[in-house]
Amino acid sequence: MTDSSTGDLVRRTAVDLAAMITKGEATAVEVAQAHLDRIDAVDGRIHAFLHVDHQGALAAAAAVDAKRSAGESLGTLAGVPLALKDVFTTAGIPTTAGSKILEGWRPPYDAALVERLRAADIVILGKTNCDEFAMGSSTENSAYGPTHNPWDETRIPGGSGGGSSAALAAHFAPLAIGTDTGGSIRQPAAVTGTVGVKPTYGGVSRYGLIACASSLDQGGPCARNVLDAALLHEVIAGHDPRDATSIDQAVPAVVEAARRREIGGMRIGVVREFAGEGYEPGVLASVRAAIDVLTELGADVVEVSCPSFTYALPAYYLILPSEVSSNLARFDAMRFGLRVGDDGTHSAEEVMAMTRGAGFGPEVKRRIILGTYALSSGYFDAYYGQAQKVRTLIARDFAAAFDQVDVLVSPTTPTTAFPLGERADDPLAMYLADLCTIPANLAGNAAMSLPVGLSDGLPVGLQVMAPVLADDRLYRVAGALEHALDDRRGHALLEKAPTL
Amino acid sequence: MPAITRDEVANLARLARIALTDEELDHLAPQLEVILEAVARVGEVAAEDIPPTSHALPITNVVRPDEVRAGLSQQAALSGAPEAEDGRFRVPRILEEEA
């Protein structure tokens, strides 16, 4: 293939690529190779991937081409390449969760989500960078070095799923997978001008997802446009008996909603608490302009107050470290992963402590110790117990809001992408990046970020939040808004990103 | 809320089985102090009569039929072990041995 046609393939949507493969206008191998070539040429600058699986991707693509040749019917995303956040286990393929403690580990099994991707003939290109055990908002907590934002390589790509969002924005893959515990899908999407969805908690199986905070973690789809995200959502969602918190109900009709492009009569609430001090004026201006478009499209827009949301961040930073301190106890140097100090002079307990001291990075240690403190007797009621009560109040705020409106909207993040290094040694400043995204995790709601404009040349995301199991409403609003904004602009926002 | 001392952080690290260097302890104690001060804001909420929520969805006690089914083979389960011996995980000494 010529360079120009290869360049063209990496800029296409997932829907287009799947159609081209089905019609025989391109083979899945050509599509995979074009993306692998681009990764090989450009990812030295971006560092979106921790591991690129050239051989596996080309083999999966060849299998799609063979199916087509044999006249078998292909799935809606068959042959489309995908970038997978390195917190999902992949049989025989390195899985690190961004941590030294898992360096070189090759899991013996595939995560449920990975099984679904493979069954849908989606081509997994490799594993993307992330903050260690998905703890962070910048990818700077990865033990393997940060990812750079394709819009401005001196800035963060968001986190924890910054590798996945950067892979989309840099045209390394048209689809990606993230996980969202407090905003790790939506905040990276917002700062890279891409689409990211946190499905309703329990919508996507956590089997084979390396746990951060189990009551909050949720895998979800990332893409460059709303329809591609919906198609991926449909592939990965659904009941899985191996995850006891998996919802045993039909997946909401997200693809149909994304195609609808009509929101007449929908009631949309603007969260009053997520504006004002601490919010970048350019972010608020872009969000306000997008809300005006929603009104023009026929939605009824009202302001809604959710007073407990201002306590979501402190509650989250008690609940999350508490769950982390328990979940990460499994990294004990005994059954898999790193082992340090086993020289015959140290006991198992000493080897555990030495391994965890050497294998965990600063943010993970900080959160484990914070969680250990919050759960200790004497402090439990004041910290963890009280945070759980605040969680109830946040769920009640959502319930009251959804009595009045169909969806809520807010900025996804208070600011655009900040410079790498700016908040690296100031945990509290870093935590503020998740201010607007955390409530949906605490209450289990569906939520999404979509690009709506630029502030000083950097992307701004609008967050849309829907009730539990009403994920389709996100796609209905986002599909209509994206279409209207692209139409007015004359092109997708990502076209404004620098050419790499 | 009480201040968190360097000694307390050292004790928490011991309980969490994380060996910390002196430099890490020096750095961590003041950082945790700042974070704890910020998260203590949850105490401002009047919530005596509010039930706690541990989990977002009202799902409890999901069970499956007690049927035998295939799991990982012994070889697969040991494939990531730092050390294995005779089909088992080899671990450092657990009990104190008399010299």
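Since the model is a prediction, treat every value here as computed from it, not as a measurement. (Residues numbered from 1 in each chain as written. Chains lettered and ligands numbered in written order. Predicted model: local features only at pLDDT ≥ 70, side-chain atom pairs only at ≥ 80, totals over all residues.)

Considering the overall build of chain A
Scanning chain A from N- to C-terminus turns up 17 helices and 11 strands. Its C-alpha atoms give chain A a radius of gyration of 22 Å, near enough to 23 Å, the size a compact globule of 500 residues would have. Within chain A, buried positions represent 63% of all 500 residues. Within chain A, counting contacts between residues at least 6 apart in sequence, those at least 24 apart form 77% of the total. (Helix = DSSP H or I, 4+ residues; strand = E, 2+ residues; numbered from the N terminus. Rg over C-alpha atoms; globule rule 2.2 N^0.38 Å. Buried ≥ 20, exposed ≤ 12 C-beta atoms within 10 Å, placed from the backbone. Contact = placed C-beta atoms within 7 Å.)

What to know about the overall build of chain B
Secondary structure assignment for chain B yields three helices and two strands. When the helices and strands of chain B are placed in sequence order, the string is α-α-α-β-β. Compactness check: chain B gives a C-alpha radius of gyration of 23 Å against a globular reference of 13 Å for 99 residues, more than 25% above the reference. The principal-axis extents of the C-alpha atoms in chain B amount to approximately 55 × 50 × 25 Å.

Digging into helix 5 (residues 112-119) of chain A
Residue and element names in this part refer to chain A. Along helix 5, the residues that are buried comprise A112, L113, V114 and L117. Contact partners of the buried residues in helix 5: strand 2 (81-85), strand 3 (123-128), strand 4 (175-179), strand 6 (219-223) and helix 8 (226-236). Once helix 5 finishes, D121 follows within two positions and takes phi at roughly 60 degrees, a positive value.

Side note on the pairing of strand 6 of chain A
All names here are of chain A. Within strand 6, five of the five residues are buried, leaving the element largely enclosed by the surrounding structure. Note that strand 4 and strand 6 share five bridges and pair antiparallel. Bridging from a neighbouring strand, L175 pairs with A223 of strand 6. Relative to strand 6, strand 5 (residues 195-198) runs antiparallel, the two being bridged by two bridges. (Pairing = 2+ DSSP bridges.)

What to know about the sheet that holds strand 6 of chain A
All names here are of chain A. The 11 strands are arranged 1-3-2-4-6-5-10-11-9-7-8 in an open sheet whose pairing can be described as mixed. Every interior strand has two partners, whereas the edge strands, strand 1 (49-52) and strand 8 (300-304), have only one. Strand-to-strand, the axes of this sheet are offset by a mean angle of 30 degrees, without reference to chain direction. With nine bridges connecting them, strand 10 (residues 446-455) and strand 11 (residues 458-466) associate as antiparallel partners. Considered in strand 11, the bridge of A447 is made with M465. Along the sheet face, helix 10 (residues 281-296) touches strand 7 (267-271), strand 8, strand 9 (407-411), strand 10 and strand 11 and points at about 110 degrees away from the line of strand 10. Strands in contact with helix 14 (residues 381-404) are strand 7, strand 8 and strand 9; relative to strand 7, the strand with the most contacts, it is inclined by about 140 degrees. (Axes fitted to C-alpha atoms, helices over the stretch in contact; angles between N-to-C directions.)

Some words on the environment of I319(A)
Residue and element names in this part refer to chain A. Tracing the sequence through the fold places I319 in helix 11 (residues 312-327). Owing to 29 C-beta atoms within 10 Å, I319 belongs among the buried residues under this scheme. Non-local contacts of I319, meaning those with residues more than four positions away in its chain, are made with A213, A387, Q388 and R391.

Observations regarding the nonpolar core
L82(A), V123(A), L125(A), A315(A), L318(A), I369(A) and V464(A) are the most contacted members of the largest nonpolar core, which totals 188 residues. If one sorts the elements of this core by residue count, helix 11 of chain A sits on top with nine residues. (Core = buried A, V, L, I, M, F, W, Y, C linked by C-beta atoms within 7 Å.)

Overview of helix 13 (residues 362-374) of chain A
End to end, helix 13 of chain A covers 18 Å across 13 residues, agreeing with the expected 18 Å (1.5 Å per residue, within 8%). Burial runs high along helix 13 of chain A: 11 of the 13 residues are buried. For helix 13 of chain A, the complete set of buried residues consists of V364(A), K365(A), R366(A), R367(A), I368(A), I369(A), L370(A), G371(A), T372(A), Y373(A) and A374(A). For helix 13 of chain A, the secondary structure elements touched by its buried residues are helix 11, helix 14 and helix 15 (427-431) of chain A together with helix 1 (6-15) and helix 2 (22-39) of chain B. (Expected span 1.5 Å × (residues − 1).)

Observations regarding unusual backbone geometry
Residue and element names in this part refer to chain A. Of note, the bond from G159 into S160 is cis; its omega dihedral lies within 30 degrees of zero at 10 degrees. Secondary-structure assignment places S160 in the loop between strand 3 and helix 6 (162-169). Positive phi is not limited to glycine here, since A134 has a value of about 65 degrees. Take A134: it is sitting in the loop between strand 3 and helix 6.

Observations concerning the interface of chain B and chain A
Every contact between the two is made by 44 residues of chain B and, on the other side, 55 residues of chain A. At the level of secondary structure, the elements contributing two or more residues to the side of chain B that touches chain A comprise helix 1, helix 2 and helix 3 (74-77) of chain B. Of all the elements, helix 2 of chain B adds the most residues to the side of chain B that touches chain A, at seven residues. Residues of the side of chain B that touches chain A, tallied by class, amount to 33 nonpolar, seven polar and four charged. (Nonpolar A, V, L, I, M, F, W, Y, C, P; charged D, E, K, R; others polar.)

Looking at the confidence of the model for chain B
The predicted model of chain B has a mean per-residue pLDDT of 90, with 94% of residues at 70 or higher. Under the prediction, the complex receives an ipTM of 0.94, its pTM being 0.97. (pLDDT = per-residue confidence, 0-100.)

Considering the packing of helix 11 of chain A against helix 2 of chain B
Think of two packed helices as two axes; the pair is described by the angle between the axes and how far apart they sit. Between helix 11 of chain A and helix 2 of chain B, the least distance of the axes is 8 Å, while the angle of their chain directions is 125 degrees. The angle between the axes of helix 11 of chain A and helix 2 of chain B places the two elements in the oblique class. Between helix 11 of chain A and helix 2 of chain B, the contacting residues are P314(A), Y317(A) and L318(A) on the first element and I35(B), A38(B) and V39(B) on the second. Split into classes, the residues belonging to the contact of helix 11 of chain A with helix 2 of chain B amount to six nonpolar, no polar and no charged. (Parallel < 35°, antiparallel > 145°, perpendicular 65-115°, else oblique.)

A look at the environment of L474(A)
Note on placement: L474(A) falls in helix 17 (residues 471-489). In this structure L474(A) touches V197(A), A446(A), M448(A), V464(A) and A466(A), once residues within four positions along its chain are discounted.

A word on the pairing of strand 9 of chain A
Residue and element names in this part refer to chain A. Summarising burial for strand 9: five of the five residues are buried, a large majority. Pairing geometry for strand 7 and strand 9, over three bridges, is parallel. Paired with V270 across the two strands is V409, which belongs to strand 9. Here four bridges tie strand 9 to strand 11, and the two strands are oriented antiparallel to one another. Pairing of L408 across the sheet is with M465, part of strand 11.

As for the environment of M430(A)
All names here are of chain A. Following the sequence through the fold, M430 ends up in helix 15. By the C-beta count within 10 Å, which is 22 here, M430 ends up buried. Along the backbone, M430 and G136 are 294 residues apart, and their C-alpha atoms lie at a distance of 7.5 Å. Setting aside chain neighbours within four positions, we find M430 in contact with G136, S137, S138 and R423.

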